[in-house]
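# Close look at the chain arrangement
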Amino acid sequence: EAGGAADILRYADMALYRAKAQGRNRLSLFDPALEAAVLSQASLLQDLRQAQPRQQLALHAQPIVDQTGRVRSQEMLLRWHHPSRGIVPPTQFIPLAEQHGLILDIGNWVLQQTCALLADWQCDPSRCRWTAAVNVSVRQLRDAGFVDSVRQALQDTGAPAHRLRLELTESTLLTDVDETIAKMAELRAMGVHFALDDFGTGYSSLSYLRRLPLDELKIDRSFVADVTDDPNDGVIARTIISLANSLGLSAVAEGVETAEQFAFLKALGCDAFQGYYFGRPEPVLSAEATA
């Protein structure tokens, strides 16, 4: 019957969609759980398209401290406060936003809000020396208008460019390395700084690492979690810190949760630290709220 044929085509389409999402040259079979997952993703995507217009997105900030424990920076983290789903984790909605192109508008909003905060901090003696770190996605960096969007955010708010730090992941740099370096150099000429996030978890190539206009290497939390117990993690942390020092970069440890981890990493010469031991991400007032 026609309805049965239509259902079969729909099921095949869902299986094909999952196979493409997992990488090409794969076999994917339909099952009822797949239909539920696809419908759930479609519903989440529909809600996500309305999240920014309905002001459901919010910035949270987590402190980054120096060796004395003094705050020197804040990392801006995006949260989605959904009216019925509650707080939707970034791991659920950021990949969806990337896949469907929503990340460009969302990313521009984050840049504008962060630069507005930086401008406000300049009037506060206790915060005027802070930098603000923002994660940049692959899709944003590849967008032809990315450099202009950063420039526009700085101009619109009057934020000091040298207080803005853009964080890239290693996966961001796997393709179009020369184009990425060119964009980074253009932004660096404005005064913007860069950090390489989750260092050690991707496929770092020292040949391009030395070409990138970086300021920081961030040691991934997976190496920090057992740094005081697992000798291998201790060696990796020591190696990354040594590499950063050799390249004239700062080393920042992510996911520091205990005094022991802090002391251990500080003894290795780590420059800065981030994690629950120093503070959890806390909501910050958006520029819209303070206007």
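Right, let's walk through the structure included here. (Residues numbered from 1 in each chain as written. Predicted model: local features only at pLDDT ≥ 70, side-chain atom pairs only at ≥ 80, totals over all residues. Heavy atoms only, no water.)

This structure, assessed with the given rule, holds 12 salt bridges. Taking the shortest distance from any N to any O, the salt bridge between Glu 216 and Arg 72 comes out at 2.5 Å. Separated by 144 residues along the polypeptide, Glu 216 in strand β7 (residues 216–219) and Arg 72 in strand β2 (residues 71–82) bring together distant segments of the chain. Using a relative accessible area of 4% as the deciding quantity, one classes Glu 216 as buried. On the basis of relative accessibility, which here comes to 24%, the residue Arg 72 falls in the partly exposed class. What you see here is one network of salt bridges that share partners, running through Glu 75, Glu 167, Lys 218 and Glu 254. (Salt bridge = Lys/Arg side-chain N within 4 Å of Asp/Glu carboxyl O. Helix = DSSP H or I, 4+ residues; strand = E, 2+ residues; numbered from the N terminus. Buried < 20%, exposed > 50% of the residue type's maximum accessible area, 1.4 Å probe, protein only.)

Right, let's talk about the packing of helix α6 (residues 146–157) against helix α7 (residues 177–190) for a bit. Where α6 contacts α7, the two axes come as close as 10 Å, and the packing angle between them is 15°. Judged on the interaxial angle alone, α7 and α6 are roughly parallel. The handedness of the crossing between α6 and α7 comes out as right-handed. Facing α6, whose interface residues are Phe 146, Val 147, Val 150, Arg 151 and Leu 154, α7 presents Lys 183, Glu 186, Leu 187 and Met 190. When its residues are assigned to classes, the contact of α6 with α7 shows six nonpolar, no polar and three charged. (Axes fitted to C-alpha atoms, helices over the stretch in contact; angles between N-to-C directions. Parallel < 35°, antiparallel > 145°, perpendicular 65-115°, else oblique. Left-handed = near helix turned anticlockwise from the far one by under 90°. Contact = heavy atoms within 4.5 Å. Nonpolar A, V, L, I, M, F, W, Y, C, P; charged D, E, K, R; others polar.)

Moving on, we get to helix α4 (residues 103–121). For α4, built from 19 residues, the straight-helix expectation of 27 Å at 1.5 Å per residue is met to within 8% by its first-to-last C-alpha distance of 26 Å. Judged by how many residues are buried, α4 sits mostly within the fold: 14 of 19 residues are covered. (Expected span 1.5 Å × (residues − 1).)

Read these as layout, nothing more, since geometry by itself doesn't imply function.
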